[in-house]
Amino acid sequence: MSVQVSREGSVAFVTLDNPPVNAIGRAVRAGLMDALDEIESAVGLSRVVLSGAGRCFAAGADAKEFDAPLQGPHLPDIIARIEACDVPWVAAITGVALGGGCELALGCRYRIAAPSAQIGLPEVTLGVIPGAGGTQRLPRLVGIKTAVQLIATGKPVSAVRAEEVGLIDGVADDPVEVAARLDIGTIELGQSIASLPQPEANAEAVEAARALIRKKTPHQIAPERAIDLIEKSALVSLSEGLAAERATFLELREAPQSSALRHVFFAERGARMPEPLRGQDAALDVVTVVGGGTMGAGIAYALLNKGSKVTLLETDDDDVARANVNVEKIIAASLKRGLINEDAAEACRQRLTATTDYGAASESTLAIEAAFESMEVKKSIFSKLEVHLPDSAVLATNTSYLDVDALAMSVLDPSRVVGLHFFAPAHIMKLLEIVQGGKTSDAALATGFGLAKRLGKIPVVAGVCDGFIGNRILARYREAADTVLMDGSTPWEIDEAMVEFGYAMGPYEAQDLSGLDIAHANRRRQDATRDPERRYIPIADRMVELGKLGKKTGAGWYRYPGGGGKVEDPIVADLALEEARFAKVERKDYSADEIRERLVMAMINEAADILGDGIAKRPSDIDLVTVHGYGFPRWRGGLMHHADSIGVDVVFNALKRFEEEDSIVWKPSHVIADCAERGMSLSEWMSGSFS
Ligand code: T1G
């Protein structure tokens, strides 16, 4: 039974029971309708206490049902019946009451929550709007200003905050108990929201919310539409508003952005330790990090903040001091942002031992090296770790592109080696590429997943290749951009085109931030193995030779004359013209659409080869890497989901068109060709799908 009904004297208890989060799927809705039938025919009831079994009240509508045709009974009708019920319903909220869960509570006469409860309407994060009364009832209850702030960003509020704004009527350790015992007069004070007057219009709050979401979630449709409906709630009757809301919800439910955002939501939750690895991961209470630079300090802090004892190894006393300073900087920043309190900060400090003594690492079950990107340096670190750590300890490298297999072969037992590619800042970025070497044991792989879970990161398994998943796609993205630059565009045009696509910034501004020298070093490393027949664009090399490395040298693809803005640098255009002349390129103007098509198709094609090479196990992993590591727009669902939304056949035809220009660079991936031929989507492609 997805809804339990019981009675104690004059109190009826209706309990949602649909583990793990009481998602309001069809069975729950049917159960609520049955409960209403029972309640409406009962005699002598003073109240109905509505609660959720297990860890929460309700996580909202079952988002898994959005791709299927609508099935009654419908939540708005259920809420209307609760609201109209002669016997008052009291919502007793524990855990979370989100989306439809919050809307169910709004249909009740009275709302009590546990202190740790979170309440909100996060629908816009799934590309829809509250579709069961939230945009109309919430403004009546708390006013337009609070309603628009809650709904437009989708951020939940604590029970205390919810009580402050009038969203709930009380906070109690045991909401069910209090709801059952509450004197009826108090409950009667809570009016049904339908009986409340229209909210007062608040143009200022509405405009402020519109400005906020245009900045924070540009291109996304749902937040704008939610604000429109909240604004409307001051102008029309509840029934008219509910009708308009429902129409909007049904429209957005089918829209591509909702499909994309739900795809990422569920892909994130699917990125967890595979069943066969369960129980094989090492404990992470005592961990060693080698290298206290930016990455090492970030990794160390992430571990400290989750209760691990960390030995942070450095090469000499000066570097030990620097490592301590780097960790302290992160602790101070976390304190300042209110992410931790003083006690937690002190506990982190107590758990940290920065030293040059590898013997201090002797009890670590995992060591993560985050040292200089040199194979020799990493091999020497691993050989020292081998001496001092238990033989069962996992040896992990944070390298972003070096050959994990080669590094593994330098230790006695290569099976204990795994890559753990963090993204800077390591204590903030959620993506973790777990690089599975040819010899990596299940225990080492499982430890990578266990670490991701402990640190609240999203794990994606990558095979060993240059750049693994993310950096390999990035290299192709930049190559495509440099080609368009050489053949006729400017960094500004290319960046603008990709910002219009949905990136926060384009490839050139991004590279000015990270530094042109990093990609330059990678290109030099690849010189020996690069296909001599493959067209090579030397403009970026010229930039580095001129010392134009980006922001850190005051100028890169752009100049930064102070004040934060970027301005075009004529030297870049001259370099592009000069190199084009040397290469006898006939330059042309590229439209923004042409730029976007080339850069996106280049990434899709590379990602398809990554699938075909077995470097990524499934397309949704590539979506998580591109969204969480490289700024690909979340509302497009990630690179592979986006490719499917274009249509694999359209992708294939575009690649064939570009192949006529350059048959090496634009050779269509066989995965794209096969999917196009079979009429199969990329998201249906799984490792082993093709011979
Ligand atoms: N629908 C279906 N499944 C859901 C779900 C949902 N709304 N929320 C969670 N799950 C699954 C999730 O996929 C995972 O499954 C398991 O529950 C645990 O989730 C009409 C239209 C509630 C804070 O946006 O924010 O209501 O992988 O790993 O970290 O207006 O889940 O175990 O098989 O995230 O403890 C609006 C979405 C819906 C809330 C719990 N609601 N969920 O976090 O566990 S639209 C939301 C969350 C709506 C109405 C509209 C979080 C959580 P599996 P988890 P968690």
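Treat the numbers as computed from the prediction; the structure is a model and nothing was measured.

1. Focus: the packing of aromatic side chains
Evaluated as defined, the whole model comprises 10 aromatic pairs. Where Y477 meets Y503, the ring centres are 5.6 Å apart and the plane angle is 20°; that geometry is what we call stacked. Taken together, the residues span a long stretch of sequence, with Y477 in helix α19 (residues 470-487) and Y503 in the loop between α20 (491-501) and α21 (507-514) at a distance of 26 residues. Its relative accessible area of 5% is what places Y477 among the buried residues. Taking the centre distance of 4.6 Å and the plane angle of 45° together, the rings of F658 and W666 count as tilted. The exposure class of W666 is buried, given its relative accessible area of 6%. Connected via pairs of aromatic rings, a cluster forms that spans Y477, F501, Y503 and F632. The ring of Y558 has K566 sitting right over it, with the charged end atom 5.3 Å from the ring centre.

2. Some points on the environment of R351
Residue position: R351 is located in helix α15 (residues 342-351). With 327 residues separating them in the primary sequence, R351 and R678 have C-alpha atoms 56 Å apart. The residues contacting R351, other than those within four sequence positions of it, are L304, G307, S308, K309 and V310. Reaching out from R351, the side chain makes a polar contact with the backbone oxygen of L304 at a distance of 2.7 Å.

3. Points about the sheet that holds strand β1 (residues 3-8)
The strand order across the open sheet built from six strands is β1-β2-β3-β4-β6-β9, with neighbouring strands paired in mixed fashion. Every other strand in the sheet has two partners, leaving β1 and β9 (170-171) as the edge strands with one partner each. Of the strand pairs in this sheet, strand β4 (residues 89-93) and strand β6 (residues 110-113) are connected by four bridges, and their pairing is parallel. Bridging from a neighbouring strand, A91 pairs with R111 of β6.

4. Looking at the sheet that holds strand β16 (residues 431-435)
Overall, mixed pairing links the eight strands, which are arranged β12-β11-β10-β13-β14-β15-β16-β17 in an open sheet. Across the chains shown, the open sheet's two edge strands, defined by having one partner strand only, are β12 (352-355) and β17 (458-462). Strand-to-strand twist of the sheet, defined as the mean angle between neighbouring strand axes without regard to direction, takes the value 25°. Across five bridges, strand β10 (residues 286-290) lies against strand β11 (residues 309-313) in parallel orientation. Residue pairing for β11: T288 is matched across the bridge by T311.

5. Looking at helix α9 (residues 203-216)
Here α9 spans 20 Å end to end across 14 residues, near enough to the 20 Å set by a 1.5 Å rise per residue. As for α9, its buried residues are in contact with α5 (144-153) and α10 (221-232).

6. Brief notes about the domain arrangement of the chain
For the chain, the assigned domains read domain 1 (3-254), domain 2 (275-462) and domain 3 (465-592). The distance between the C-alpha centroids of domain 1 and domain 3 comes to 50 Å.

7. Observations concerning the site of the ligand
Around the ligand lies a shell of 25 residues, among which R55, A61, E103, E123 and R269 are the nearest. With respect to the ligand, the backbone of A63 contributes an N or O atom lying 2.9 Å from a nitrogen atom. Within the backbone of G131, an N or O atom sits 2.8 Å from an oxygen atom of the ligand. Out of a free accessible area of 990 Å², the ligand has 77% covered by protein chains. Among the elements of the structure, α3 (100-107) and α12 (256-270) are those that each provide at least two residues to the shell around the ligand.

So, how was this worked out
- Residue indices follow the written sequence of each chain, beginning from 1 at its first position.
- The model is predicted, so local features are restricted to residues of pLDDT at least 70 and side-chain atom pairs to those at 80 or more, both for listing and for counting; the totals for chains, interfaces and linings are taken over all residues.
- Hydrogens and water are ignored here; the side-chain numbers use all heavy atoms of the structure.
- Note on ring pairs: Phe, Tyr and Trp rings are taken, using the six-membered ring of Trp, and paired if centres are within 6.5 Å. Classes follow the plane angle, with under 30 degrees stacked, over 60 edge-to-face and the rest tilted.
- Here a strand is any run of E in DSSP of at least two residues, a helix any run of H or I of at least four, and the numbering for each starts at the N terminus.
- The buried label applies to any residue whose accessible area, calculated with a 1.4 Å probe on protein chains only, is under 20% of its type's maximum; exposed applies above 50%, and partly exposed to all values in between.
- Here, a charge over a ring is recorded when the distance from Lys NZ or Arg CZ to the ring centre is within 6 Å and its angle to the ring normal is within 35 degrees.
- Contacts: residue pairs with any heavy atoms within 4.5 Å of one another.
- In the analysis that follows, any N or O atom pair within 3.5 Å is treated as a polar contact, provided that within protein one partner can donate a hydrogen and the other can accept it, and provided that, for residues neighboring in sequence, both atoms belong to side chains.
- Strand pairing requires that DSSP identify at least two bridges connecting the strands.
- With axes taken as lines fitted to C-alpha atoms, and helix axes fitted only over the stretch in contact, angles between N-to-C directions fall between 0 and 180 degrees.
- One fewer than the residue count of a helix, multiplied by 1.5 Å, yields its expected span.
- An automatic or database domain assignment supplies the start and end points of every domain.
- We call a residue near a molecule or strand whenever a single non-hydrogen atom of that residue lies within 4 Å of it.
- Methods summary: accessible areas were calculated by the Shrake-Rupley approach with a probe of 1.4 Å, and residue burial reflects only the protein chains presented.

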